[in-house]
Amino acid sequence: MFLRDLIVPALVFLTPVLPAAAEPVQLSCGGVAKQGGLLMCTGPAETDIRVAGEDGADARTVRTNDEGHVSIGLTRTEPSPLILTSGAPGVVPISVEIEPRNDVVRVLRGVDCDKVDPRTPEQMAHIEKDWLAKQAAYKIFHEGPGASQGFQRPTDGRMTSPFGPERKYLGVDKNGEPCESSSFHRGYDMAAPVGTPIKAPAPGIVMMAEPDMYFEGGAVFLDHGDGLVSIFMHMSEIGVSVGDEIKTGEIVGLSGNTGRTTGPHLHWAVQWRNQATSERDGDFFIDPALLLELAPEQQTAP
């Protein structure tokens, strides 16, 4: 036997066998694809996703977590279709049709002019103090299930004012002078006599618990995780403290008639915060009623 007969088999034995390249994880979304709703999407883990209208309108970037999940809030004027594009190679962009809203203008009369149009230095100082406290709280993100476990109504009262419509406030001050202000309604109002228990619609951690905010009155801010924060306003009594871990259905306080109101009720708002950025200017409110529409198969991203 010659030396060359021993060398060739050895070379064949040492040739590596490379595994087939894995297919990239593609984007997919569930949730409620309506203006003011919430998309619950999956894709490549820890990857930037560009979200924009077909013509690039309202572009923003979100980021999937280490399991590839991300919740994407939809503004009340969200364009349709919405194009989601991954920063990972080989991932195909997807198009999501967004159902439009049909909001109307609502006029509210007889509002306290000091709440409609704050005028004194003391009132402005109160508002600034509240704003600074909210901005500080919104910068802190807690771990939590977000919308994956679904949402329940925080009280059984009937809906008295939906999310979305533009609201024009009209009043008369103590000198008989008229005042007015306009803004869109950022929450979901429910009839609730003073003293009605308010229950957590989903688990979370209390990030603010303030008894006397200028516009909100008595208010609790509950961080559900995944960037979602429930805000309960106009409360007569607060039963939780900052840092408390709250379970679904646990009482956080009692409804009232504090802050800017025209009568006793619960104002429930939900803010979506973009966890991909430290800038809070791009955060916005979404429609709490749409979170109640999440079907069981939509409550966890596919």
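Residues numbered from 1 in each chain as written. Predicted model: local features only at pLDDT ≥ 70, side-chain atom pairs only at ≥ 80, totals over all residues. Heavy atoms only, no water.

1. A word on the overall build of the chain
- Along its length, the chain carries four helices and 20 strands.
- For a compact globule of 302 residues, the expected C-alpha radius of gyration is about 19 Å, and the chain comes in at 25 Å, more than 25% above that figure.
- Expressed along its principal axes, the backbone C-alpha trace of the chain runs to roughly 115 × 40 × 35 Å.
- Evaluated residue by residue, the chain yields a buried proportion of 46% over its 302 residues.
- Surface exposure of the chain reaches about 15500 Å², of which carbon and sulfur atoms provide 54%.
- Each charge sign in the chain was given a centre, from 25 positive and 41 negative side chains, and these centres are 4 Å apart. (Helix = DSSP H or I, 4+ residues; strand = E, 2+ residues; numbered from the N terminus. Rg over C-alpha atoms; globule rule 2.2 N^0.38 Å. Buried < 20%, exposed > 50% of the residue type's maximum accessible area, 1.4 Å probe, protein only. Areas by Shrake-Rupley, 256 points an atom, 1.4 Å probe, with all protein chains shown as cover. Lys, Arg positive; Asp, Glu negative; His and termini not counted. Charge placed at Lys NZ, Arg CZ, Asp CG, Glu CD.)

2. Remarks on the sheet that holds strand 11 (residues 178-184)
- On the basis of which strands lie adjacent, the open sheet formed by three strands has the order 8-10-11 and mixed pairing. The sheet terminates laterally at strand 8 (106-109) and strand 11, the two strands that pair on one side only. Averaged over neighbouring strand pairs, the angle between their axes works out to 20° when direction is ignored. (Pairing = 2+ DSSP bridges. Axes fitted to C-alpha atoms, helices over the stretch in contact; angles between N-to-C directions.)

3. Digging into the side chain of histidine 265
- With respect to the element layout, histidine 265 can be found in strand 19 (residues 265-272).
- A polar side-chain atom of histidine 265 sits 2.9 Å from the main-chain carbonyl oxygen of glycine 263.
- Setting aside chain neighbours within four positions, we find histidine 265 in contact with Asp189, Met190, Ala192, Met233, His234 and Gly256. (Polar contact = N/O pair within 3.5 Å; in protein donor to acceptor, adjacent residues only side chain to side chain. Contact = heavy atoms within 4.5 Å.)

4. Here's the deal with the pairing of strand 2 (residues 38-42)
- For strand 2, the tally of buried residues reaches five of five residues, placing the bulk of the element in the interior.
- Of the two faces of strand 2, the one carrying Leu38, Met40 and Thr42 and the one carrying Leu39 and Cys41 are both buried.
- Taken together, the five bridges between strand 1 (residues 28-32) and strand 2 define a ladder with antiparallel strand orientation. The partner of serine 28 across the bridge, within strand 2, is threonine 42.
- A loop of five residues connects strand 1 with strand 2, the two strands running antiparallel in sequence, and glycine 36 in this loop sits at a positive phi of about 90°.
- Here five bridges tie strand 2 to strand 5 (residues 69-73), and the two strands are oriented antiparallel to one another. Opposite cysteine 41, over in strand 5, you have valine 70 as the bridge partner.

5. Digging into the sheet that holds strand 1
- The strand order across the open sheet formed by three strands is 1-2-5, and the pairing between neighbours is antiparallel. Among the strands making up the open sheet, the edge pair consists of strand 1 and strand 5. Going across the sheet, the axis of each strand differs from the next one's by a mean of 25°, ignoring polarity.

6. Focus: the pattern of salt bridges
- This structure, assessed with the given rule, holds eight salt bridges.
- For the salt bridge of glutamate 293 with lysine 34, the shortest nitrogen-to-oxygen distance reads 3.1 Å. Residue glutamate 293 is located in the segment after helix 4 (288-291), and its partner lysine 34 is located in the loop between strand 1 and strand 2; the two are separated by 259 residues in the primary sequence.
- The exposure class assigned to lysine 34 is partly exposed, which follows from its relative accessible area of 24%.
- Here arginine 280 ties to aspartate 283 by a salt bridge, and the two come within 2.5 Å at their closest N and O atoms.
- Here the salt bridges share partners, and the residues they tie into one network are Arg101, Asp103 and Asp287. (Salt bridge = Lys/Arg side-chain N within 4 Å of Asp/Glu carboxyl O.)

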